[in-house]
Structure formats: C-alpha cells, structure tokens
Amino acid sequence: MASILQNLQQVQQRIANACAVVQRPVQTVTLLAVSKTFDADAVREAFAAGQRRFGENYVQEALEKISALADLRSQLEWHLIGPLQSNKTRVVAEAFDWVHSVDRLKVAQRLSDQRPAHLPPLQLCLQVNISGEASKSGLAPAEVAEVAHAVAALPRVQLRGLMAIPEPTADFDAQRAPHRALCELLARLQRDGLALDTLSMGMSADLEAAVAEGATLVRVGTAIFGGRPPAAAFNAP
Ligand SMILES: *Cc1c(COP(=O)(O)O)cnc(C)c1O
C-alpha cells in the first residue's frame, strides 16, 4: 500500500498537472487534507510529509484530534468542512481556524459572537448547494449575495469565499459545470465589492475539473489517506 507521503506527492502532482493545463501557477491552489475518520497518527504522518492544513467533518471527532495534536497546534490549520449546528458553534469558534460550511446567517453571527478575542478572526466560506440537490445542505445560489454581505459585516469572522460539494459524476465536462457556476457566483460577489479570494471546491474524484474552473482550495481525503468505511459508522452517537 502506498504511504501517506507517496499519496500526498501524487495529489500534488495531480494539482500541478491540472494547473499546467489551464496555465495557472501551482501556488494558486491550496491543498486541504481531509482527515475525517482517520486518527491523529495519520495526521502526524501527513504533517511529517509537509502537510499543514487539515479538514474535518465531525465536530466531536475533530476536537479529540485537535487535542491529541496540541503539540503541533501552532503549525496546523484546522478547517471544519462538515455540517455545523448552532448548538456547536461555541466549541468550533474556539478550536478551528476556518469553517467552510456556513449556510445560515445565524450560524455566522454566533461564530462571530463566540470567537475568542485572543484569536484572529475565524475564516469563513459560505456553502452553496450548487447542484440544487434536495438532500444537500448549502444556500441556494439566489440566497448567497444577501447572506454574504451580512456575514462580511460581522466583526470577529472574515468571509473568504464560497464552498460547494457538487453532485458526483464521472464525466469531466459534467464535473466542470457546477464548479464554473460557483466561480461565476464568486465573481459576482467580487464585482459587488466583497473582497473574497477563496473557492473551496474539488475532492479526490474531481479536483482536476475544479482546478480548471478556478478552485483555490481543494479538499482531498481518499486520495491521501485511503478509503473510508461508510459514514454511518462514524456518525453513530
Ligand atoms: C469527505 C469530504 C471531502 C473529501 O472527499 P474525498 O472524496 O475523500 O476526497 C471533501 N469535502 C467534504 C465536504 C467532505 O465531506
């Protein structure tokens, strides 16, 4: 089995190739290693291989890992990419550097209110339901502008951009369409005067399509850490 180091190198090569195709400098794409369901030792191994930014889906699991890796805290960036309920905002505001999954103004307001004063502003993305799936969380594209302007005005958070999890499809052109739509949505907000720089899109299966359409941050789990058991096993109380 390939090591985490080898997998990371392979993912970095994929990002570099995807950047070359569309003539983007490779430094314009940040790799977020999605460590959900993997233990603190796996994160340490990725850290030893040079990886510094990690994404987590489940708040409780993440808090345990952040605590187990407290010795590395100043060198790590922790990103929450999974659903966030309002009763969990306080611990998230205290423990994370970024939240990608903000889908309501109320959650952003609570994060801003609860962000400790000694920490820099919490970095936020608004999650957009770009494929219009009934089952998916995220703001409808038509709701994004109003929420974005309100979130951008909050004092203890910094709105950085948009995040999406498009409906999976194997076809490259079909993968590109929702990524392009998210990129256009971001461009509209920028034209409206919001200083945003982050398009969080692209995962193990579609990072090339996302990079082709302007992703600045790709969230990659499986291609770095390997396959995960079904999510249900980890969501159990
Ligand atoms: C799990 C997850 C990822 C990573 O998915 P892979 O297919 O394993 O690369 C990225 N983003 C979100 C929001 C996720 O939940």
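Residues numbered from 1 in each chain as written. Predicted model: local features only at pLDDT ≥ 70, side-chain atom pairs only at ≥ 80, totals over all residues. Heavy atoms only, no water.

Novice: Sorry, what's going on with the overall build of the protein here?
Specialist: Per the secondary structure count, the protein includes 10 helices and 8 strands. Taken along its principal axes, the extent of the C-alpha atoms in the protein is 45 × 40 × 35 Å. Among the 237 residues that make up the protein, the fraction classed as buried is 49%. In the protein, the share of contacts with a sequence separation of at least 24, taken over all contacts with a separation of at least 6, comes to 59%. If you sum the accessible surface of the protein, you get close to 11100 Å²; carbon and sulfur atoms cover 52% of it. Of the side-chain charges in the protein, 23 are positive and 24 negative, and the distance between the mean point of each set is 3 Å. (Helix = DSSP H or I, 4+ residues; strand = E, 2+ residues; numbered from the N terminus. Buried < 20%, exposed > 50% of the residue type's maximum accessible area, 1.4 Å probe, protein only. Contact = heavy atoms within 4.5 Å. Areas by Shrake-Rupley, 256 points an atom, 1.4 Å probe, with all protein chains shown as cover. Lys, Arg positive; Asp, Glu negative; His and termini not counted. Charge placed at Lys NZ, Arg CZ, Asp CG, Glu CD.)

Novice: In this structure, what is going on with the packing of aromatic side chains? I would like to understand it.
Specialist: Aromatic ring pairs are described here by two measures, namely the spacing of the ring centres and the angle between the planes. Overall, the coordinates contain 2 aromatic pairs when judged by the stated rule. Arranged with centres 5.8 Å apart and planes meeting at 40°, the rings of Phe54 and Trp78 form a pair that is tilted. Remark: Trp78 occurs in strand β3 (residues 77-80) and Phe54 occurs in strand β2 (residues 53-56); sequence separation between them is 24 residues. Each member of the pair, Phe54 as well as Trp78, carries the same accessibility label: buried. (Phe/Tyr/Trp six-rings, centres within 6.5 Å; stacked < 30°, edge-to-face > 60°.)

Novice: Just checking my understanding: could you explain the site of the ligand for this structure?
Specialist: The immediate surroundings of the ligand are formed by 13 residues, with Lys36, Asn57, Ser204, Thr222 and Arg228 found nearest. Within the side chain of Arg219, one N or O atom sits 2.8 Å away from a nitrogen atom of the ligand. Between the ligand and the protein, one listed contact pairs an oxygen atom with a side-chain N or O atom of Thr222 at 2.5 Å. When the free accessible area of the ligand is taken as 390 Å², the share hidden by the protein chains comes to 90%. (Near = heavy atom within 4 Å. Polar contact = N/O pair within 3.5 Å; in protein donor to acceptor, adjacent residues only side chain to side chain.)

Novice: Hey, could you run me through the pattern of salt bridges in this one?
Specialist: Opposite charge on two side chains permits pairing when their charged atoms draw close. Counting across every chain of the model gives 10 salt bridges. The residue Arg14 makes a salt bridge to Glu208 at a minimum N-O spacing of 2.7 Å. Here Arg14, found in helix α1 (residues 4-21), pairs with Glu208, found in helix α8 (residues 207-212); they are 194 residues apart in sequence, far enough to count as distant. Arg14 sits in the partly exposed class, given a relative accessible area of 23%. Measuring nitrogen to oxygen at the nearest pair gives 3.0 Å for the salt bridge that ties Arg44 to Asp71. Of this pair, Arg44 sits in helix α2 (residues 40-48) while Asp71 is found in the loop between α3 (59-68) and β3, placing the two residues 27 residues apart along the sequence. The partly exposed category is assigned to Arg44, whose relative accessible area is 30%. Residue Asp71 is classed as exposed on the basis of its relative accessible area of 53%. (Salt bridge = Lys/Arg side-chain N within 4 Å of Asp/Glu carboxyl O.)

Novice: Hey, could you run me through the side chain of Ser101 in this one?
Specialist: Counting through the fold element by element, Ser101 comes out in strand β4 (residues 98-102). By relative accessible area, Ser101 is classed as buried at 3%. One polar contact links the side chain of Ser101 to the main-chain carbonyl oxygen of Gly82, over a distance of 2.6 Å. The residues contacting Ser101, other than those within four sequence positions of it, are Leu80, Ile81, Gly82, Pro83, Leu84, Cys125 and Gln127.

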